[in-house]
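Coordinate inspection notes
For reference, the chains in residue letters:
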Amino acid sequence: MRKLHNPDKVMRVVQFKILTKVLELAPVPAYVHGFEKNKSIPVMARAHVGKDVVISLDIKDFFPSIKQFMVQAMFQQLGIDKKSSGILSELTTYKSYVPQGSLTAPKISNLIAAGTFGKEVEAYCKEQGLSLTIYADDITVSYSEPKDVNREEAKLKATGIIQAITRTVSKYGFTINLEKTKVMRRNSRQWVCGAVVNDKVNMKRQERYQLRAIVHNVAKNGIENEARKSGMDPEAFIRKYAGRINWMCQLNTDAGVKLKVAFRKVTLPYLKHHPEMEIEELSWNSGIEMPYVPTEEDEMIFSSKPDKALTADSPF
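The text that follows walks through the structure, step by step, so that each part is easy to find. Along each chain, numbering runs from 1 in the same order as the chain's sequence is written. Totals for whole chains, interfaces and linings use every residue, but because this is a predicted model, local features are given only for residues with pLDDT of at least 70 and side-chain atom pairs only at 80 or more, for both listing and counting. To get the side-chain values, all heavy atoms of the structure are used, and hydrogens and water are removed first.

Think of it this way: any DSSP run of H or I at least four residues long counts as a helix, any run of E at least two long counts as a strand, and we number them from the N terminus. Its place among the elements puts Glu36 in the loop between helix 1 (9-21) and helix 2 (41-45). Among the polar contacts listed, one links the side chain of Glu36 to the side chain of Asn110, at a separation of 2.9 Å. Aside from chain neighbours lying at most four places away, what touches Glu36 is Val28, Lys107 and Asn110. Pairing of N or O atoms within 3.5 Å defines a polar contact, subject to two protein rules: one partner must be a possible hydrogen donor and the other a possible acceptor, and residues neighboring in sequence count only if both atoms are side-chain atoms. Note on definitions: a residue-residue contact is assigned when non-hydrogen atoms from the two residues lie within 4.5 Å.

What follows concerns the sheet that holds strand 2 (residues 131-135). A pair of strands is considered paired only if DSSP assigns at least 2 bridges between the two. An order of 2-3-1-4 is seen for the four strands of this open sheet, with the pairing classed as antiparallel. The open sheet terminates on both sides in strands that have one partner only, identified here as strand 2 and strand 4 (182-185). Each neighbouring strand pair of the sheet contributes to a mean axis angle of 15°, computed without reference to strand direction. Strand direction decides the pairing type here: strand 1 (residues 53-58) and strand 3 (residues 138-143), joined by six bridges, are antiparallel. Its bridge partner lying in strand 3, Ser56 is registered against Thr140. Sitting on the sheet, helix 7 (residues 117-128) touches strand 2 and strand 3, and the angle it makes with strand 2 is about 160°. A fitted line through C-alpha atoms serves as each axis, taken over the contacting stretch for helices, and the angle formed by two N-to-C directions is quoted from 0 to 180°.

This brings us to the pattern of salt bridges. Basic side-chain nitrogens of Lys or Arg form a salt bridge, by our definition, when they fall within 4 Å of a carboxyl oxygen of Asp or Glu. In this structure the tally under the stated criterion is eight salt bridges. The partner of Glu207 in a salt bridge is Arg244, with the nearest N and O atoms 2.3 Å apart. With Glu207 in helix 9 (residues 205-221) and Arg244 in helix 11 (residues 234-251), this residue pair connects regions lying 37 residues apart in the sequence. We classify Arg244 as partly exposed; its relative accessible area is 29%. Exposed residues in this analysis have more than 50% of their type's maximum accessible area, buried residues have under 20%, and partly exposed residues fall in between, with area computed by a 1.4 Å probe over protein chains only.

As structure tokens, then:
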């Protein structure tokens, strides 16, 4: 379980200034994806699509392992004098480590990763012909194998890669959680931060089927009944599944947008009867790289009551 530390209002203002005036001005390498503008999990996952082997490594207790002296050194590397860097490191740490949940933690973690083990891991991956991405505490590498490679050679190569990256990360005070290390081959599901990457970036099949079933059941039984089954009030239910469908849109735009249209259609009658309930546009489009733009036909759906219920054969 991750422990989050949310700063108070004053500290949030201070950290926001540090983030926007200092940290966001610092570039990160292309292989670092977490919480960066114009980057996302789907963008990152594309680097690993169609590979024979995908290896996922998790850094144990990543944020608490980033100590204040590391943060001070990072600020100094950005060209800030030692005294000011010390003050900034105090303002962005808690009990001498980077607290997960603070405004500055994501960017600091990216800069620390890139400035420590990241450089060596990147050099190693280039030498070995591996694709590399880092998203917060997740390091992912992938590669294709010769067709004539035997099982023992394949196993030895994967083991060697894991050992090399583990040694490099350890040099800088971090630990790879071997229990969470995964070697995924093409004959099984390969996934990166929740995105399937075997042949294309996609949502897990089980999750797609579940969302389709949810929309179908809402059309058949109504929002209130389905929300009650899930132990939620209708507004929380709508927000939750709008968010899940947003995620599907990021991973599978064509199927996701169709499902989004269907979900908005089946929730429309309830929302019209409850005008006090405002589901803002951010709830429908949050985090989507290419926000959904309604077609003329869809606009008609949103401005009128649905004339028929969806069925299991509905095109989504």
